[in-house]
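# A closer look at the structure
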Amino acid sequence: MSEPLLAVDHLTAGFDFDDRFVPAVIDVSFSVDAGETLCLVGESGSGKSVTALSIIGLVQPPGRIARGRVRLNGRELTELGEREMRRVRGAEIGFVFQEPMTALNPVFTIGSHIEETLRAHSLATRRTARGRAIELLESVSIPEPQRRVDEYPHQLSGGLRQRALIALALACEPKLLIADEPTTALDVTIQAQILELLRELQARMGLALLLITHDLGVVAEMGNRVAVMYAGRIVEHAPVRPLFAEPKHPYTRGLLASMPGAAPGTRLNAIPGTVPPLGQLPPGCSFITRCQSRFEPCPTAHPGDTAFVLADTAPRTVKCYLHGTAVEPAEVSR
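Our subject in this report is the structure included herewith. The shown structure was predicted, so the numbers you read here are calculated from the model rather than taken from an experiment.

## Observations regarding the overall build of the protein
Assigned secondary structure in the protein consists of eleven helices and twelve strands. Computed over C-alpha atoms, the radius of gyration of the protein comes to 21 Å, within 12% of the 20 Å expected from 2.2 N^0.38 for 334 residues, which places it in the range of a compact globule. If one aligns the C-alpha atoms of the protein with their principal axes, the spans along those axes are about 70 × 50 × 45 Å. Residues classed as buried in the protein amount to 51% of the 334 residues present. Here the analysis covers contacts within the protein between residues at least 6 apart in sequence; of these, 64% occur between residues at least 24 apart. Per element, the accessible surface of the protein, about 16,100 Å² overall, is 52% carbon and sulfur. With 34 positive and 37 negative side-chain charges, the protein shows a spacing of 1 Å between the two charge centroids.

## Let's talk about the environment of Gly 90
Position of Gly 90 among the secondary structure elements: in the loop between helix H2 (82–88) and strand E6 (93–96). Counting along the chain gives 81 residues from Gly 90 to Ala 171, while the straight-line C-alpha distance between them is 7.4 Å. Setting aside its immediate chain neighbours within four residues, Gly 90 contacts His 121, Ala 169, Cys 172 and Pro 174.

## Regarding the pattern of salt bridges
Within the structure shown, the criterion is met by 22 salt bridges. One salt bridge connects Asp 16 with Arg 64, and the closest N-O pair in it is separated by 2.7 Å. One end of the pair, Asp 16, is in strand E1 (residues 6–17); the other, Arg 64, is in strand E4 (residues 63–72), and 48 residues separate them in sequence. Close ionic contact of Arg 316 with Glu 236 constitutes a salt bridge, the shortest N to O distance being 2.5 Å. One end of the pair, Arg 316, is in strand E12 (residues 316–318); the other, Glu 236, is in strand E10 (residues 233–239), with 80 residues separating them in the sequence.

## Focus on the sheet that holds E6
Here eight strands make up an open sheet; going across it, the order is E6-E7-E8-E3-E9-E10-E12-E11 and the pairing mixed. The two strands at the open ends of the sheet, each matched to only one other strand, are E6 and strand E11 (306–308). Within the sheet, the average angular offset between the axes of one strand and its neighbour, ignoring direction, is 20°. In this structure, E6 lies alongside strand E7 (residues 176–180), joined through four bridges in parallel fashion. Bridging across to E7, Ile 93 finds its partner in Leu 176. Sheet strands touched by helix H1 (residues 48–55): strand E3 (37–41), E6, E7, strand E8 (208–213) and strand E9 (225–230). Its angle to E8, the strand with the most contacts, is close to 150°.

## Digging into the packing of aromatic side chains
Per the stated rule, a full pass over the model turns up five aromatic pairs. Measuring from centroid to centroid gives 4.5 Å for Phe 95 and Phe 97, while their planes differ by 45°, and the two rings are tilted. On the basis of relative accessible area, Phe 95 is assigned to the buried category, the value being 9%. Looking at Phe 97, the relative accessible area reads 32%, which means it is partly exposed. For the ring pair Tyr 251 and Phe 287, a centre distance of 5.4 Å and an interplane angle of 65° mean the geometry is edge-to-face. Within this pair, whereas Tyr 251 is found in helix H11 (residues 250–257), its partner Phe 287 is found in the loop between H11 and E11, the two being separated by 36 residues in sequence. Just as Tyr 251 is buried, Phe 287 falls in that class too.

Conventions we followed
Residues numbered from 1 in each chain as written. Predicted model: local features only at pLDDT ≥ 70, side-chain atom pairs only at ≥ 80, totals over all residues. Heavy atoms only, no water. Helix = DSSP H or I, 4+ residues; strand = E, 2+ residues; numbered from the N terminus. Rg over C-alpha atoms; globule rule 2.2 N^0.38 Å. Buried < 20%, exposed > 50% of the residue type's maximum accessible area, 1.4 Å probe, protein only. Contact = heavy atoms within 4.5 Å. Areas by Shrake-Rupley, 256 points an atom, 1.4 Å probe, with all protein chains shown as cover. Lys, Arg positive; Asp, Glu negative; His and termini not counted. Charge placed at Lys NZ, Arg CZ, Asp CG, Glu CD. Salt bridge = Lys/Arg side-chain N within 4 Å of Asp/Glu carboxyl O. Pairing = 2+ DSSP bridges. Axes fitted to C-alpha atoms, helices over the stretch in contact; angles between N-to-C directions. Phe/Tyr/Trp six-rings, centres within 6.5 Å; stacked < 30°, edge-to-face > 60°.

Shape descriptors only; they carry no functional weight alone.
Okay, structure coming up:
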């Protein structure tokens with residue numbers, strides 16, 4: 001088989017506090033093939049954003065990658081210096097940040113953001129950058145791009161700011177786009193428009209998409225495969241359709257059960273408790289304090305991956321003693 005576009009192997013990242021390392025991402029592995037969409041899903045605090053920032057080398061001190069590998073087209077990114085990573089960001093990996101109002105500099109126009117990116121990667125001159133910026137705004141369906149190019153972020157609606165951020169991320173025509181909660185804080189109509197835009201751009205440009213979300217409705221609509229994160233670990237990894245049809249992990253079942261859509265007036269289901277804070281994971285399985293299916297092995301050690309190979313789908317894995325006896329290596333939990 002050919003090598004995936006993006007391969008993340010046994011990534012552990014976190015923060016140094018009071019002379020000890022507190023992991024936020026623990027032994028995470030996944031891959032993204034050219035042209036496909038992998039959805040990374042979980043509650044706030046699960047480690048999704050730290051995973052994404054680790055891929056592009058933007059985990060700020062006291063954060064750091066403790067171990068693991070990140071390869072893009074076979075090139076090891078964790079070994080690159082900051083100057084080399086700057087060439088990768090934008091040119092090879094586009095990134096759509098969670099909140100466009102904070103991701104965009106309020107004292108620069110939308111056009112100047114894009115023009116600076118193009119010139120930094122030697123894809124346009126000062127003379128040609130403005131015309132290319134207008135073309136990019138038009139490509140993400142921003143109305144009147146000739147006027148919007150000279151406007152500041154606060155002059156645009158939330159939906160238009162998100163479109164501008166996508167145009168900025170795609171300015172250098174990367175092969176991989178990482179979108180961190182791209183529809184957060186947008187109303188339902190605008191969310192649908194942004195997702196449709198991402199689908200169109202993906203088909204037109206052959207983009208691979210790593211889509212980070214807490215919304216399983218978005219996963220069902222956009223994903224080819226889904227990785228479910230909880231407390232820093234990927235607890236289930238499967239193609240989208242089998243996962244929705246037969247979720248294996250109790251956490252995944254809880255997420256699906258909490259989706260709205262039941263009869264009007266029906267009380268929404270909720271998973272009891274909250275994601276444990278950094279550095280306060282319980283012994284054994286991290287989900288044990290919230291799990292209704294826990295039994296004897298669960299408090300002793302965190303479960304390892306149990307693999308399921310189905311005839312008509314890609315392999316799927318789950319970290320749960322309900323499905324196997326594999327135990328996570330001890331050194332991962334230190």
